[in-house]
Amino acid sequence: MEWTPTENPNATIVPGKMRSDRQELPEGFTKEDADKAEIAEAKLQASSRSRSTATTATTALAAAAPTDCMVYWPAWQYTVCGLIRVKYDSLGGPNSFLLWPASNELTNPDGYGKRSVFNNGPIYWSSASGAHPVVNHFFAAWQRNGWEAGPLGYPTTDEIANPGTAPGRRQEFQNTAAIYWKLNEAYAIRGAIRAKWNELGAEQGSLGYPLSDEIVPPPELSVAGTRMNKFEAGMILWSAEQGAAEANWFVTQDGSSARTMDQPGDGVVKISPGKPRETECPAETVHPGTPFNCEEAWPDSYDRTVVARFGRQNSQATPGHGAFGWMHALVDHNLDLDAMGKIINVSQKVPIGDRLEYQAEFKARGQTIIRAAVRTREVAMDEDGHLDEFAQGVVTGYCKTGSEAGEGWCPDWVNGTL
């Protein structure tokens, strides 16, 4: 039901007794707005009383009265009606996070549901889902997924605080879907992928919060699934043939090639979310202005410090930027500092000629999709093989897909996942 300010001009207002003469106006409203809102309120009340006396079904009307349209002073231009009004009132009306109405009740494009827009977001209603606000990051995620016409459907709850100490929240939608938020962004998860995630403990489990909506996997992962969600500590991939399965970064520590190097333990280690563990740069490597100045340093799984320096400038191999250092790994192979640090934190190191290599694999459905490696040199040699004053630390980092030979480019999702 909609109402416009020109209807029902049958209310009496006493001049000089307006609410605006007695009460301070909220910011952004004028006395004219407030007076028009008070007149509109009176007209709606008169209209409601007239309908109530004009019917014999007074009991039914009384029960329906809370869902009548209402003007919220001093926002005179718009009314809030029906079950959307009931929800708005339950949240605190203009005193809630929604603030004042910014539209009349609108019919959604599906011709079925309704919505009213407020200063800080809308309330959506359908008979199957009820009336619920969708605001801020939740609204942005819902918008990305096509609003009510998309795969999520209508909201079925308001925002819900998740258990635990982290300030996370979620909102449930139709079609076994939900939007989850933690600190900065919100993402949608649904269907079989959500079922698998719930089986693993949802946001409190091994994968943590979603870091993407349901998306098409990058080309390197298409052999393992046709849809995926990315999480803080990995991914879940889905295919029609195989269903949903967890995928993650792993480090194999079988000790076969590193047992003489104090390998800390056998088995498989999952790389955890978050930034790598850092340590202090060794004093002898901190030389501002020198080619191999220490930028960052990480403890490896042997508790030995591995340094990351910028690298030599204008080398023959890579003129214009550093070679044999983290800048070489980033520019030539797209493996960033955080990704290198996390691999070094947990990996065994394997001798490769006069260098050592730390390795991690991304596995999906038991298949290795891509391998990321960081090479270091712990002897004091420069890029030409001559003795250098300072040990080099990180020499390079790169990725390989499958059994492909040679050093390769790391897709962006590798850095984002690590």
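Residues numbered from 1 in each chain as written. Predicted model: local features only at pLDDT ≥ 70, side-chain atom pairs only at ≥ 80, totals over all residues. Heavy atoms only, no water.

Examining the overall build of the chain
In plain terms, the rule: Helix numbering and strand numbering both begin at the N terminus, where a helix is a DSSP run of H or I of at least 4 residues and a strand a DSSP run of E of at least 2. Residue exposure (1.4 Å probe, protein chains only): buried if accessible area is under 20% of the type maximum, exposed if over 50%, otherwise partly exposed. Working definition of accessibility: Shrake-Rupley area with a 1.4 Å probe, residue cover restricted to the visible protein chains.
Each helix and strand in the chain was counted, giving 8 helices and 20 strands. Put simply, the chain has 418 residues, and 48% of those count as buried. Of the roughly 19,700 Å² of accessible surface on the chain, a fraction of 53% belongs to carbon and sulfur atoms.

Details of the environment of L98
To keep things clear, this is the line we draw: Note on contacts: a residue pair is in contact if any heavy atoms of the two residues lie within 4.5 Å.
The residue L98 is located in the loop between α3 (82-91) and β3 (106-107) in this model. Among the residues examined, L98 registers a relative accessible area of 0% and is labelled buried. A C-alpha to C-alpha distance of 8.5 Å links L98 and P133, two positions 35 residues apart in sequence. The contacts of L98, once residues within four sequence positions are left out, are Y88, L91, F118, N119, N120, G121, I123, P133 and V135.

Points about the nonpolar core
Counted only if it meets this: Only buried residues count toward a nonpolar core. Its members are Ala, Val, Leu, Ile, Met, Phe, Trp, Tyr and Cys residues joined through side-chain atoms within 4.5 Å.
Formed by 35 residues in total, the largest nonpolar core has its most connected members in L221, W249, M340, F362, V394, W413 and V414. The greatest single-element share of this core, amounting to 5 residues, is contributed by helix α7 (residues 337-346). When near neighbours in sequence (up to four residues on either side) are disregarded, L221 contacts M228, M235, L237, F362, I369 and W413. V134, A141, F173 and W181 belong to the second largest nonpolar core, which has 13 residues in total.

Some thoughts on the side chain of S126
Position of S126 relative to the elements: it lies in strand β5 (residues 121-126). Looking at S126, the relative accessible area reads 1%, which means it is buried. Contacts of S126, omitting those with residues within four sequence positions, involve Y112, Y154 and Q174.

Side note on the packing of aromatic side chains
Test applied: Between the rings of Phe, Tyr and Trp (Trp by its six-membered ring), a pair exists once the centres lie within 6.5 Å; its type follows the angle of the planes, with under 30 degrees stacked, over 60 edge-to-face, and the other angles tilted.
One pass over the full model with this rule turns up 14 aromatic pairs. Considering the side-chain rings of Y72 and Y88, the 4.9 Å spacing of their centres and the 80 degrees angle between planes classify their relative orientation as edge-to-face. With a gap of 16 residues between them, Y72 in strand β1 (residues 70-72) and Y88 in helix α3 connect regions that are remote in the sequence. According to the relative accessible area criterion, Y72 is buried, its value standing at 6%.

Description of the confidence of the model for the chain
Spelled out, the test is: Within a predicted model, pLDDT stands for the predictor's per-residue confidence, ranging from 0 to 100.
On average, residues of the chain score 80 in pLDDT, and 72% of them reach the 70 mark or higher. Summarising per-element confidence for the chain, the mean pLDDT is lowest in helix α2 (residues 58-64) (38) and highest in strand β6 (residues 130-133) (98). Every residue in residues 255-265 is under pLDDT 50, and counting partners more than four places away or in other chains gives 25 contacts.

A few points about the sheet that holds β3
Quick note on the threshold: Two strands form a pair only when DSSP identifies at least two bridges running between them. Comment: axis = line fitted to C-alpha atoms, over the contacting stretch for helices; angle = value between 0 and 180 degrees taken between N-to-C directions.
Strands sit in the order β3-β4-β5-β6 across an open sheet of 4 strands; the sheet is antiparallel. Edge strands, defined here as strands with exactly one partner in the open sheet, are β3 and β6. Looking at chain direction, strand β4 (residues 114-118) and β5 are connected through 5 bridges and run antiparallel. Among the inter-strand pairings, F118 is bridged to a residue of β5, identified as G121. Its contacts with the sheet place α3 against β4, β5 and β6, and it is angled at close to 45 degrees to β6.

Observations concerning the pattern of salt bridges
Formally: A pair is scored as a salt bridge if a Lys or Arg side-chain nitrogen falls within 4 Å of a carboxyl oxygen belonging to Asp or Glu.
Applying the stated criterion across every chain yields a total of 16 salt bridges. With a closest N to O distance of 2.9 Å, K275 and D338 form a salt bridge. Placement of the pair is K275 in the loop between β14 (268-270) and β15 (294-299) and D338 in helix α7, with a sequence separation of 63 residues. Each member of the salt-bridge network shares a partner with another, and the members are R170, E172 and R194.

What to know about the state of the cysteines
Operational definition: Note on disulfides: each one is a pair of cysteine sulfur atoms within 2.5 Å.
What the rule picks out here adds up to 3 disulfides. A disulfide bridge connects C281 with C294, and the sulfur atoms are separated by 2.0 Å. Disulfide C281-C294: the torsion about the S-S bond is -70 degrees, which places it as left-handed. You can see C281 sitting in the loop between β14 and β15 and its partner C294 sitting in strand β15, a full 13 residues away along the chain. What makes C281 partly exposed here is its relative accessible area of 22%.

A look at the pairing of strand β8 (residues 168-173)
Bridging between strand β7 (residues 160-161) and β8 involves 2 bridges; their strand directions are antiparallel. Counted as the bridge partner of I160 is R170 from β8. What sits between the antiparallel neighbours β7 and β8 is a turn of 6 residues, in which G164 has the positive phi angle 100 degrees. Pairing analysis gives 6 bridges linking β8 to strand β9 (residues 177-182), with the strands arranged antiparallel. The residue of β9 that forms the bridge with R170 is Y180. In sequence, β8 turns back onto β9 through a hairpin of 3 residues, with N175 there showing a positive phi of about 65 degrees.

What to know about unusual backbone geometry
Phi is positive for D303, which is not a glycine, with a value near 65 degrees. Along the chain, D303 falls in the loop between β15 and β16 (305-309). By relative accessible area, D303 is classed as exposed at 67%. In this structure, R365 takes a positive phi of about 55 degrees despite not being glycine. As for its position among the elements, R365 is in the loop between β18 (355-364) and β19 (367-377).

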